[in-house]
2 protein chains.
Amino acid sequence: MPDNSPSVKVSAVRDTYGAEVRFCKPTQEAREAMSAAVVAELRAKHGEERAEEIHPNQDVRVVNGQGSVAMELLEQQPDLDALVVSIGGGGLIGGVATYAKSVNSKIKIIGAEPECAKSAFMSKKAGHLVTNPPNAVIDTIADSVKSSLGPTTYPLVRDLVDDVFTASEQEIEDATKFMMERAKQVVEPGCGLAVAVATSGQLYQRYPDLRKVGVVLCGGNVDLENLPWCRKRKADATAQPPGKATKV
Amino acid sequence: MPDNSPSVKVSAVRDTYGAEVRFCKPTQEAREAMSAAVVAELRAKHGEERAEEIHPNQDVRVVNGQGSVAMELLEQQPDLDALVVSIGGGGLIGGVATYAKSVNSKIKIIGAEPECAKSAFMSKKAGHLVTNPPNAVIDTIADSVKSSLGPTTYPLVRDLVDDVFTASEQEIEDATKFMMERAKQVVEPGCGLAVAVATSGQLYQRYPDLRKVGVVLCGGNVDLENLPWCRKRKADATAQPPGKATKV
C-alpha cells in the first residue's frame, strides 16, 4: 500500500482482514516495483503458479466481478433510467456498464470524475485514451479515483458509457457530507463524487427524461480523524490572514 | 429545541422537515416553559383542541409507537436471544420490551446507559424510580440519553427489562467510531452506547447462553464538524502541558 494511505484503510486491511501490508512510496513506479518484488518473492517461495499480479482495474476478471454490482442493483430495482458511477481506473463502471446494457439497452450509464482528474471525460472527447497527470500532482479529496483509464477499460467507457460529468472539489465534499448527515452512510469522497453528479442540475438539463437514477456507493474508507471539512478548517486556521505580512 | 442542540439536528428539523424552531436554554425548566408557551399560543390561535403537548418519552402513544421497532426487527430476524437498547427516558426500551416480550417471553431485553447517567440501573437496584442529576451537570458524549425514566417508563423497565449495563465514555466513543469505520453507519454516541454493551465482555459473562443478539441503532444525529474524537484532540491541544505554569 502507498505509505500515504488513510490509516483506516491500512488497519482494515491488516487488522480486520488479516493481510500482511508492505508499504511503498505513493508513485506509480514504486507501486509497480513493490508489486513485482512481492510476486517474485512469493513465486520463489511457493512456485511459479502460486503467485500472480492482479491489476486492480485493468484485469478483465476484476472488471467482470464488478459487474455483479449492477446485477444486484437491477435485481432489486429493475426500472432504473440511469446509473451514475464514479470513474478512476474505470473497472467499476466498465463492469457495471457491460452488465446493465446487456439486460437493458436503454439504460443510461453516466460516469463521474473530479474536475482535476478527468481521464474518461478527456478520452471520450479526444476519441483516444488520455491519462491523468501523475497521482502526486492531482489535488483532489477523492483520492480513490486518481487513476486513469487503461487498455481494458478505455474501450468499455468509449462504447458503453453514455456520458461523463465532472464535479468540483466543493461539490464532492458537499455530497460526501450530505450522505453522512442525511443518509447516515459513511462514504469516501470518491463515492460522494457520484452522488454529486447524480444530484447536479447539469445531469437533468442534459437528460430531462431521467426519473429513476441509481447511484453506486463505491467506498467508505474515510479517515474519521481527518474528514475533508475538518482538514480544511485546520488549514484555514494555520493559514496567514490575507494581506498580512509575516513579521519575524 | 435547547440552544446547545447539535447543529445537524437543528438543520434537519428546520431545513429538511420544514419545522419552525424556537430555542430555549438547555434546562428542564426552560424546556417545559417554552413548550407550555408554544402550546398556549397555538391554542389561542387555532382553538383548544388543536394543540397538545406530547411528552417525548412518557406519553404512552410514543412508547407504543416505538414498539414497532421491535416488530420490524423480529419480523426480519425472529430467532434473537436478546435485544440491547439504549436508555434515556426509557420510551424506546419500554415499547421494544412490551412488544418483544409479548411475542417471545424468553427474549432477554438488555438496557444500556452511560456510567454517569444511569437512572434505569439505579432504579432497578433501588426498587423505585431514581432520577439522574440535571442535564447540565451530566458530562457524557451520549447527549441523547441524559433523561431519566419517568412514571410511564419506570414500571416497564422494572417489569420487562431483564438487566441494565453501563458503559464508560471511552467505551461509548470506541463503539461509535467502530460503527462508522466498519459498518459505515453514522451513529450518535447515544446509539454507540448500545453497541458498546452488546460487544462487551460483561454481557456474555453474565449471560453465557446468548448467541444471537440484536442491537437497536437509535440515532445518527452527530455533528460531523465536531466528532467526539476530534473534540477531544482539540481540547488536548489547547490544554496546558502538565506541570507547566502559564507566564503572562
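Details of the structure are given in the entry above.
Given the structure is predicted, the values throughout are model-derived calculations rather than measurements. (Residues numbered from 1 in each chain as written. Chains lettered and ligands numbered in written order. Predicted model: local features only at pLDDT ≥ 70, side-chain atom pairs only at ≥ 80, totals over all residues. Heavy atoms only, no water.)

**Q** How would you summarise the overall build of chain A if you had to cite specific residues and measurements?
**A** Broken down by element type, chain A carries 10 helices and four strands. When its helices and strands are written in sequence order, chain A yields α-α-α-β-α-β-α-α-β-α-α-α-β-α. The C-alpha atoms of chain A give 20 Å as radius of gyration, which agrees with the globular expectation for 248 residues (18 Å, within 12%). Summarising its shape, the C-alpha atoms of chain A cover approximately 60 × 60 × 35 Å along the three principal directions. Within chain A, buried positions represent 42% of all 248 residues. Taking the contacts inside chain A whose residues are at least 6 apart along the sequence as the reference set, 68% of them involve residues at least 24 apart. Summed over its atoms, the accessible surface of chain A is roughly 13,300 Å², and 53% of this surface lies on carbon and sulfur atoms. Positive and negative side-chain charges of chain A, numbering 29 and 32 respectively, have mean locations separated by a distance of 4 Å. (Helix = DSSP H or I, 4+ residues; strand = E, 2+ residues; numbered from the N terminus. Rg over C-alpha atoms; globule rule 2.2 N^0.38 Å. Buried < 20%, exposed > 50% of the residue type's maximum accessible area, 1.4 Å probe, protein only. Contact = heavy atoms within 4.5 Å. Areas by Shrake-Rupley, 256 points an atom, 1.4 Å probe, with all protein chains shown as cover. Lys, Arg positive; Asp, Glu negative; His and termini not counted. Charge placed at Lys NZ, Arg CZ, Asp CG, Glu CD.)

**Q** Describe in detail the pattern of salt bridges, supporting the description with residues and values.
**A** Residue and element names in this part refer to chain A. One pass over the full model with this rule turns up 23 salt bridges over all chains. For glutamate 20, the salt bridge goes to arginine 22, with nearest N and O atoms at 2.9 Å. When its relative accessible area of 63% is taken as the criterion, glutamate 20 is described as exposed. Several salt bridges share partner residues, and in doing so they unite Glu20, Arg22 and Glu41 into one network. (Salt bridge = Lys/Arg side-chain N within 4 Å of Asp/Glu carboxyl O.)

**Q** Describe the interface of chain B and chain A, naming the residues involved and giving the relevant values.
**A** Listed by partner, the interface residues are 19 residues for chain B and 19 residues for chain A. Among the residues chain B hides against chain A, the three largest losses belong to B:Lys184, B:Leu224 and B:Glu225. Together they make up 35% of the total. Across the contact surface, chain B and chain A share two salt bridges. The salt bridge partner of A:Glu225 is B:Lys177, with a shortest N-O separation of 2.4 Å. Counting residues per element, the ones that place at least two in the side of chain B that touches chain A are α1 (7–16), α7 (169–181) and α10 (228–238) of chain B. The dominant element in the side of chain B that touches chain A, judged by the number of residues it contributes, is α1(B), at four residues. By residue class, the composition of the side of chain B that touches chain A is eight nonpolar, five polar and six charged. (Buried area = accessible area lost by both parts, 1.4 Å probe. Nonpolar A, V, L, I, M, F, W, Y, C, P; charged D, E, K, R; others polar.)

**Q** Let's hear about the sheet that holds strand β4 (residues 213–215) of chain B: which residues, and what values?
**A** Residue and element names in this part refer to chain B. Pairing is parallel in the open sheet, where four strands are placed in the order β3-β2-β1-β4. Unpaired on one side and paired on the other, β3 (163–167) and β4 mark the two borders of the sheet. With strand direction ignored, the average angle separating the axes of adjacent strands in the sheet is 25°. Alignment of strand β2 (residues 108–114) against β3, held across five bridges, turns out to be parallel. Across the sheet, residue alanine 112 finds its bridge partner in β3, namely phenylalanine 165. Here helix α5 (residues 119–126) sits on the sheet and contacts β2 and β3; the angle it forms with β3, its principal contact strand, is near 140°. (Pairing = 2+ DSSP bridges. Axes fitted to C-alpha atoms, helices over the stretch in contact; angles between N-to-C directions.)

**Q** Describe in detail the packing of aromatic side chains, supporting the description with residues and values.
**A** Residues and elements named next belong to chain A. On inspection of all chains with the given rule, the structure shows two aromatic pairs over all chains. With centroids separated by 6.5 Å and ring planes inclined at 70°, the aromatic side chains of phenylalanine 165 and tyrosine 207 adopt a geometry described as edge-to-face. Highlighted residues: phenylalanine 165 in strand β3 (residues 163–167) and tyrosine 207 in the loop between α9 (201–206) and β4 (213–215), separated in sequence by 42 residues. A residue is classified by how much of its surface remains accessible, and phenylalanine 165, at 1% relative accessible area, is buried. Overall, tyrosine 207 belongs to the buried group, its relative accessible area being 16%. (Phe/Tyr/Trp six-rings, centres within 6.5 Å; stacked < 30°, edge-to-face > 60°.)

**Q** Account for α7(B), with residues named and values stated.
**A** With 13 residues, α7(B) should reach 18 Å at 1.5 Å per residue; the first-to-last C-alpha distance of 18 Å fits that figure. Buried residues of α7(B): B:Ile172, B:Glu173, B:Ala175, B:Thr176, B:Lys177, B:Met179, B:Met180 and B:Glu181, and no others. (Expected span 1.5 Å × (residues − 1).)

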